[in-house]
Each structure stands twice: as structure tokens, then as C-alpha cells.
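Listed below are the residues making up each chain.
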Amino acid sequence: MAKVVIDAGHGGRDPGAVYNDRMEKDDALDLALAVGRILADHGVDVSYTRTTDIYNTPYEKAMMGNNADADLFVSFHRNATVNPGALNGSETLVYADRGIPAQLARNINERLEQAGFLDRGVTERPNLVVLRRTRMPAVLVEAGFIDSETDNQIFDENFQQIAQAIADGILETLGEETAPQSQKLYRVQVGSYRNSNYANQLLTQLKQDGFPAFIVFEDGYYRVQVGAFRNLDNAVNMERRLRQWGYDTFITT
């Protein structure tokens, strides 16, 4: 089962960006919880850095993600400028524009544009702690500008569509499409070992390279696999990327 850490930005004594009576920490929490519920409904193991109005440092949040041993870390925020109303649109931040984080960011951006936001693209922000200190692929979603009346109207009127858009982007990246649980799943197998230490070493390497890997114990073997795809083409694409990184693979079900 795929696992995702959901981080609602700011919280407690840190309101984030403030516009009139609106605070970033509140919008971020509402959106994080909504996305988490959708993911959980689709069989994803979801954990949160916060579910109430409390404060943790960005480093503490990154460590929560690392301790959860998750496949992805997604942080929720809203943008702001020094000149309210000057800018609008959503963007997704990454440590570096490559690998699984870049794919996840673009999957989310594409769907947020369909939900009504202007797509401001993917931005590299290697200085952000929740992107730099997390061991799993991580992104930070800026769901529109909190000081833009246009974006606030989109955020409020299309809220459920926005939450669904982000969840769909995450699910696509994980290969978890919205189909009955009994449907056949295609997985990319990278290794099979009787010794769990070897399997864990490969698992760690795959995650360091940005792949959503996991271990399945079957018939006395620890099988290291990536993804759970309902569409064979998605499994083929993942296998191609893994081979480009030098891994020996085959597709299984």
C-alpha cells in the first residue's frame, strides 16, 4: 500500500500569509484534510503533520515525514506578494526539477489548471526545509494567492474540485488509479531476495532515487517492487524510467 504524508503549512502561532481576515494556515489545513480524505478513500495510507491548529517547525515536519517512511510528502500552502492582487495562479515547488518530484508537481499543476487556477509552473526551491530534509520525493503546493480576490473566489467556489485535482495528481504519480480494488494491478519488480537485508538495501536506494518502492513478502521471498498500476502503459513507462537509472526490471501482477 502506498503511503503519503500530508503537511498543512504553518499553524498555531504561525498564521502564514494573511489577507484581510483570511489566514494561510486555515486554508492550508482545510485543503490538506480534504485531499487526505480522498486519498484514503482510494486505499492510500495517509498520515498528517497536523490535523488541528498547532505549530511545528519545518524541520519537525520533515522528520515526521521521514519517520513515517512514506512514498511521497506533499505540503500545502497559499502564495502571497508584497503587492496584493498583483499576481494569481497556482504553482508547485520542488527541491530540484527532476525525477518523481517533478513528475508529481506537473501532474498536480495540470489538474489545478483544470480546476480554474492559472498554471504558474514548477519552481525549484532547494532552500525550503520540507523539500531539502525529507528523504522521500516531496513537493510544496501553492494553491493560488491568498491576496488575490480572483484566486480566493476559485479556492472557495471550486474547493472540492481543487482537492480532487491534487489527489488525482498524487494518485497518478503513485499509479493508483480510481478503479475497483479487485481489478488487476501491474507492478514493476526490481529485485527478489530470501535475505530481507538485501531487499531493504535496494528499497533504500530506490527511494533515494525518487521511486515509490515497497517490499512484498511472498513464497519466502522479499520482492522489491515499484508502483501498483491499473493501466499497463503506466507500468511500462515506470519500467522504462527504472531501466534508465540502471535497474534490472520486469512487470508482474
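Fair warning: this is a prediction, and the values are worked out from it, not measured in the lab.

What is the right way to read the overall build of the protein from this model?
Helix and strand content of the protein: 8 helices and 12 strands. For 253 residues, the compact-globule estimate of 2.2 N^0.38 gives 18 Å, and the C-alpha radius of gyration of the protein, at 18 Å, lies within 12% of that figure. The principal-axis extents of the C-alpha atoms in the protein amount to approximately 60 × 35 × 30 Å. For the protein, the residues scored as buried account for 51% of the 253 residues in total. Taking all contacts inside the protein whose residues are at least 6 apart in sequence as the whole, residues at least 24 apart take part in 78%. Surface exposure of the protein reaches about 11700 Å², of which carbon and sulfur atoms provide 45%. Of the side-chain charges in the protein, 25 are positive and 35 negative, and the distance between the mean point of each set is 7 Å.

Any chance you could explain helix H2 (residues 58-68) here in plain terms?
For an α-helix, the turn length of 3.6 residues means that residues three or four places apart are oriented alike. Every buried residue belonging to H2 is among Lys61, Ala62, Gly65, Asn66 and Ala68, and all of these are buried. Buried residues of H2, viewed axially, fall in a sector of 165°; they line one side. Looking at the buried side of H2, the elements it contacts are strand S1 (3-8), strand S4 (45-48), strand S5 (72-79) and helix H4 (129-132). Asp69 sits one or two residues past H2 and shows a positive phi near 55°.

What exactly am I supposed to notice about the environment of Asp26 here?
By the secondary structure assignment, Asp26 is in helix H1 (residues 24-41). According to the relative accessible area criterion, Asp26 is partly exposed, its value standing at 32%. Sequence-wise, Asp26 and Asn56 are 30 residues apart; in three dimensions their C-alpha atoms are separated by 15 Å.

Looking at this model, I keep getting lost on the sheet that holds strand S10 (residues 213-218). Mind explaining?
Paired through their backbone hydrogen bonds, the strands of a sheet run either parallel or antiparallel. Strand order in the open sheet formed by 4 strands is S10-S11-S9-S12, with antiparallel pairing between adjacent strands. In this open sheet, the two edge strands, each paired with only one partner strand, are S10 and strand S12 (250-252). Each strand of the sheet is rotated relative to its neighbour by a mean of 45°, with strand direction disregarded. Bridging between strand S9 (residues 186-193) and strand S11 (residues 221-229) involves 6 bridges; their strand directions are antiparallel. Within S11, the residue paired with Gln189 across the bridge is Gln225. Its contacts with the sheet place helix H8 (residues 232-244) against S9, S11 and S12, and it is angled at close to 40° to S9.

Conventions used here
Residues numbered from 1 in each chain as written. Predicted model: local features only at pLDDT ≥ 70, side-chain atom pairs only at ≥ 80, totals over all residues. Heavy atoms only, no water. Helix = DSSP H or I, 4+ residues; strand = E, 2+ residues; numbered from the N terminus. Rg over C-alpha atoms; globule rule 2.2 N^0.38 Å. Buried < 20%, exposed > 50% of the residue type's maximum accessible area, 1.4 Å probe, protein only. Contact = heavy atoms within 4.5 Å. Areas by Shrake-Rupley, 256 points an atom, 1.4 Å probe, with all protein chains shown as cover. Lys, Arg positive; Asp, Glu negative; His and termini not counted. Charge placed at Lys NZ, Arg CZ, Asp CG, Glu CD. Arc of directions from axis to C-beta. Pairing = 2+ DSSP bridges. Axes fitted to C-alpha atoms, helices over the stretch in contact; angles between N-to-C directions.

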